[in-house]
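Report on the structure
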Amino acid sequence: ITAARFVTHANAQAGDGANTLGVARADAAIGAAVPVTVLGTEIVEAGAAVAAGAAIQADATGRAITKAAGVTVGRARQAATAAGQFIEVLLIPN
């Protein structure tokens, strides 16, 4: 599990369009205990350019991307111009 990326309820990195528990606050092995932000806002790594205010889903590696066909897990509070940038996301409980 990589910090600042979405994780699932099974303590694994979220996959493309998956439902998520929240955002990991630290790196950890899959299945290991990891602190996760589940409500409010959190800094998340972007997987592509994202506009401020856009609906967010997880990409194949748990990064934030503009929602296409997946589960909406947040709303971008900041824009990213490229993958690898960190943006604030308002988390949406699922």
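Everything numeric here is computed off the predicted structure, so don't read it as measured data.

1. Remarks on the environment of Gly53
Note on placement: Gly53 falls in the loop between strand S4 (41–45) and strand S5 (55–58). A relative accessible area of 36% places Gly53 in the partly exposed class. Distance from Gly53 to Arg75, taken between C-alpha atoms, is 5.8 Å for residues 22 residues apart in sequence. Once you skip the residues sitting within four places of it in the chain, Gly53 turns out to touch Arg75 and Ala76.

2. Some thoughts on the pattern of salt bridges
A full pass over the atoms with the stated rule returns three salt bridges. Taking the shortest distance from any N to any O, the salt bridge between Asp59 and Arg63 comes out at 3.1 Å. Judged by its relative accessible area of 9%, Asp59 is buried. One salt bridge connects Glu88 with Arg77, and the closest N-O pair in it is separated by 3.6 Å. Of this pair, Glu88 sits in strand S8 (residues 86–91) while Arg77 is found in the loop between strand S7 (74–76) and S8, placing the two residues eleven residues apart along the sequence.

3. Digging into the sheet that holds strand S2 (residues 22–24)
Sheets are built from strands paired through backbone hydrogen bonds, the pairs being either parallel or antiparallel. Here we have three strands laid out as an open sheet, ordered S1-S2-S3, and antiparallel in their pairing. Here the strands that pair on one side only, and so sit at the sheet edges, are strand S1 (6–7) and strand S3 (36–37). When S1 meets S2, the two strands line up antiparallel, connected through two bridges. For Val7, the partnering residue across the bridge sits in S2 and is Gly22.

4. Here we look at unusual backbone geometry
Look at Ala4: it is not a glycine, yet its phi comes out positive at around 70°. Inspection of the secondary structure assignment puts Ala4 in the segment before S1.

Calculation rules
- Residues numbered from 1 in each chain as written.
- Predicted model: local features only at pLDDT ≥ 70, side-chain atom pairs only at ≥ 80, totals over all residues.
- Heavy atoms only, no water.
- Helix = DSSP H or I, 4+ residues; strand = E, 2+ residues; numbered from the N terminus.
- Buried < 20%, exposed > 50% of the residue type's maximum accessible area, 1.4 Å probe, protein only.
- Contact = heavy atoms within 4.5 Å.
- Salt bridge = Lys/Arg side-chain N within 4 Å of Asp/Glu carboxyl O.
- Pairing = 2+ DSSP bridges.

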